[in-house]
Amino acid sequence: MVHKVLRIVTGLLILLLASCQTVEPWERDRLAQQEMQLTPNVLDARLSDQVFFSKEAASGGGATAGGGCGCN
Amino acid sequence: MTSKAQIGPLALLSAAALSLPAFSASQPTERVVSVNTSVYQEGDAKAAEVVFGDLQRFRVKTNQFNLSAPIGRDWSMSLGYDNEAMSGASPWGTVAASDGSGDLIMSGASIDDSRNGVDVNLTRHWRGQSLGISVGYSGEHDYHSRSVGLNYERDFFKQNTTLALSASYASDELTPTDAQLFQRLEKGSKHTRSFYASVNQLLSPVSMLNLGFGITKRTGELSDPYKLRDIRPGKRVERTLTASYRRYFDWQTSSLAVNYRYFWDSYSVGAHTLAMSWMLGEETALQWGPMLRYYSQSEAAFYTPFDRYDQPDTMAQSSDFRLSTFGAVSYGLKARYRMNAVQVSMQYERYDSGSGYALSSTKTTHPGLVDFDVVSLGAEYRF
Amino acid sequence: MVIRQSETMNGLTLPCSAQDQPGQGADCRFLFNLGKRAFHGLKKSVGGKARIGFLSGARPLMLGLTLVCFLVGGSALVRADGALSPGMPAPEFELANLMDDTQRRALKDYSGQVVYLDFWASWCGPCLVAMPKIETLRQTIGSDEFVVLAINVDRNLKKARKFLTKIAVGYDSLVDEQGRVSASYGLNAMPSSFVINRSGVVTKVHEGFRDGDEDELRAHIKAVIDSGA
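Please read all numbers here as calculations on a predicted model, not as lab measurements.

Criteria and cut-off values
- Residues numbered from 1 in each chain as written.
- Chains lettered and ligands numbered in written order.
- Predicted model: local features only at pLDDT ≥ 70, side-chain atom pairs only at ≥ 80, totals over all residues.
- Heavy atoms only, no water.
- Helix = DSSP H or I, 4+ residues; strand = E, 2+ residues; numbered from the N terminus.
- Buried < 20%, exposed > 50% of the residue type's maximum accessible area, 1.4 Å probe, protein only.
- Areas by Shrake-Rupley, 256 points an atom, 1.4 Å probe, with all protein chains shown as cover.
- Contact = heavy atoms within 4.5 Å.
- Buried area = accessible area lost by both parts, 1.4 Å probe.
- Salt bridge = Lys/Arg side-chain N within 4 Å of Asp/Glu carboxyl O.
- Nonpolar A, V, L, I, M, F, W, Y, C, P; charged D, E, K, R; others polar.
- Disulfide = S-S within 2.5 Å.

K.L.:
Which residues make up the overall build of chain C, and what are the values?
P.N.:
Regarding its fold elements, chain C presents six helices and nine strands. By the burial criterion, 47% of the 229 residues in chain C qualify as buried. Only carbon and sulfur atoms are counted for the fraction: they give 54% of the accessible area of chain C, which is about 10,800 Å².

Structure, rendered in structure tokens:
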């Protein structure tokens, strides 16, 4: 399963990167928008992480694993 | 110097983004204070599937606060605090039902507890890179967690590529309530070590991709002390692979966010998560949009639909619904309104879970699977 | 409910299959072995010995990520050779005024003066924080031989104009919508500013704008003015 997922992700990656171009500093206006960030809102992300961590087996996929609760 | 020039320039901006992209290692420009309050409510357990205990499940009220600010030329900090007030019953165990699945034993009286968490981060910035340290504490009357983390970011190729590395360690202590009364574990500890690496790549002036890999090792008392029969291995190694994509569209100045995560661990759980959201009106005062999330997991190797008393205590088992095969779909709506330096937001999300949503097939549906609603309100002030 | 086979992990016996499904035994054994290898690999890496166990699990991904960096960054590496540095002549340009597009300005109009050229955008936080500071710089130097000129790179000029009407600065902003002048100056960051002497030669390239940068710039500009170059 792991290798299958890795292969799919690598394949998608190559496809996406085929259209890659260097983005100059003065072209970054749209990328600077709030919703274009990985974490547009710190509090929303923290709340989501906490909710899903306590109800599902999977967790993580972000920077930290700390701040545990007695919920899983 | 005219009086106009004395007004903080950032406070005059309305709809535009206020700082350079957060994925780069640059020092943030402004101070931001944000608050959020939310209510999480689970649907009641079904009477036909409960043999004992309260049907009313969890209700959690959460209040959150965060302050982020640059310090001097080279530093930045952030301080976060959150408080949760929880009430409601939760599953204690599962007994065999006539159809091969389980029936729930719920906790009798409602649990009433609160949790407080604090998180502090200090980051040093250089040209093109940054190094930060975080310290956190989270406490409930029966559970305390202390954590420390390091994170490093580095930009390459005119910030087109950003590498981020982070490592963290958490030490938890549990002292379950009514331990002697219910013959529970009296005291236990848990340690979590985590490492995460990601690469962020700008694909075009309107799109970017982020790929990450994480590994977490948990050791110590991993069994749930509040369950009637829950025996888990004392070590759990978890791995995640994540891919996030962002795309901006000039149509309605909207943006699409797609996040995918594959999770697999030494309990043999495998899970896929796909979350998408669409926000319209990025360059207007009002932004709003839908979100959708799909989740599917396969059960742990030692999962059992109901508690097994015929197995010895040295054999791992758990009838916790969170280790069963199930899937979940959640959907919701987000809206934000910006007025100069203030922004208010509202969000609603509905979560439905069931074995039918899962990618893997399973013969039984755990009666403890939850459905819930979350409503949250937030505000942000930049100065 | 048939328990097919079991393995031990950390002293606990793990039932391999809670449900009677064919083929699951083989998957189970594979997963347990994988789990065991991952655990032993981690144990080795934590113990400070050969980290091969941990890395081999993530090797394909690490290679993939490294490949990503080189593939997409390669073109940027080549482009970086064109970056402007002190001692090089400042590229010529002629652009319209942001607030009055009938007015046009060229760099050669300022020959004989020391020029502070600042590239900014309304979506760039540090650029906006810098503007009042640059205005202060302009006023405190207060020399006829020194002029500040800004180049705005917004695609949407309305926002840039709106910003300038609220923050009054005593220097002109020109428009470089297509980004051609920005490209000729080889900007590596936003904001970027250049100090250009009387002969049109770049004497300083300044990237970003942080607390205290205005002092450093003031000292440099005064030195250039005094040097007569």
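So much for the structure itself; the text now carries on.
K.L.:
Describe the interface of chain B and chain A, and please don't skip the residues or the numbers.
P.N.:
Interface extent is often summarised as the accessible area lost during association of the parts. The interface of chain B with chain A comprises 95 residues on the first partner and 55 residues on the second. Together chain B and chain A conceal approximately 6,200 Å² of surface at their shared face, both sides included; 56% is due to carbon and sulfur atoms. Sorting the residues of chain B by area buried against chain A places L203, P205 and R322 of chain B first, and these three jointly supply 11% of that buried surface. At the boundary of chain B with chain A, the tally comes to six salt bridges. We note a salt bridge from K158 of chain B to E24 of chain A, for which the minimum N-O separation is 2.7 Å. By residue number, the principal contributor to the side of chain B that touches chain A is strand β13 (residues 235-249) of chain B, which donates 10 residues. Tallied by class, the residues present in the side of chain B that touches chain A amount to 39 nonpolar, 32 polar and 24 charged.

K.L.:
Tell me what's going on with the pattern of salt bridges, and back it up with residues and numbers.
P.N.:
Where charged atoms from two side chains of opposite charge approach closely, those side chains can pair. For the structure shown, the criterion picks out 38 salt bridges over all chains. Measuring nitrogen to oxygen at the nearest pair gives 2.8 Å for the salt bridge that ties K55 of chain A to E42 of chain B. Placement of the pair is K55 of chain A in helix α2 (residues 42-55) and E42 of chain B in strand β1 (residues 32-42), with the two residues belonging to separate chains. Judged by relative accessible area, which is 4%, E42 of chain B ranks as buried. Salt-bridge contacts for D265 of chain B lead to R236 of chain B; the nearest nitrogen and oxygen are separated by 2.8 Å. With D265 of chain B in strand β14 (residues 254-265) and R236 of chain B in strand β13, this residue pair connects regions lying 29 residues apart in the sequence. What you see here is one network of salt bridges that share partners, running through D224, K227, D230, R232, D320 and R322 of chain B.

K.L.:
Before we move on, can you summarise the state of the cysteines with the specific residues and values?
P.N.:
Residues and elements named next belong to chain C. In the structure shown here, the tally under the stated rule is one disulfide over all chains. Disulfide pairing is shown between C124 and C127; the S-S distance is 2.0 Å. Handedness of the C124-C127 disulfide follows from its S-S torsion of about 85°: it is right-handed. Owing to a relative accessible area of 0%, C124 belongs among the buried residues under this scheme.

K.L.:
So, unusual backbone geometry: which residues are in play, and what are the values?
P.N.:
M190 of chain C connects to P191 of chain C through a cis peptide bond whose omega is -5°. Position of P191 of chain C relative to the elements: it lies in the loop between α5 (180-184) and β8 (192-196). Unlike most non-glycine residues, F157 of chain B shows phi in positive territory, near 55°. By the element assignment, F157 of chain B lies in the loop between β9 (143-156) and β10 (161-174). Its identity is not glycine, yet S268 of chain B carries a phi of approximately 65°, on the positive side. With relative accessibility at 17%, the residue S268 of chain B sits in the buried group.

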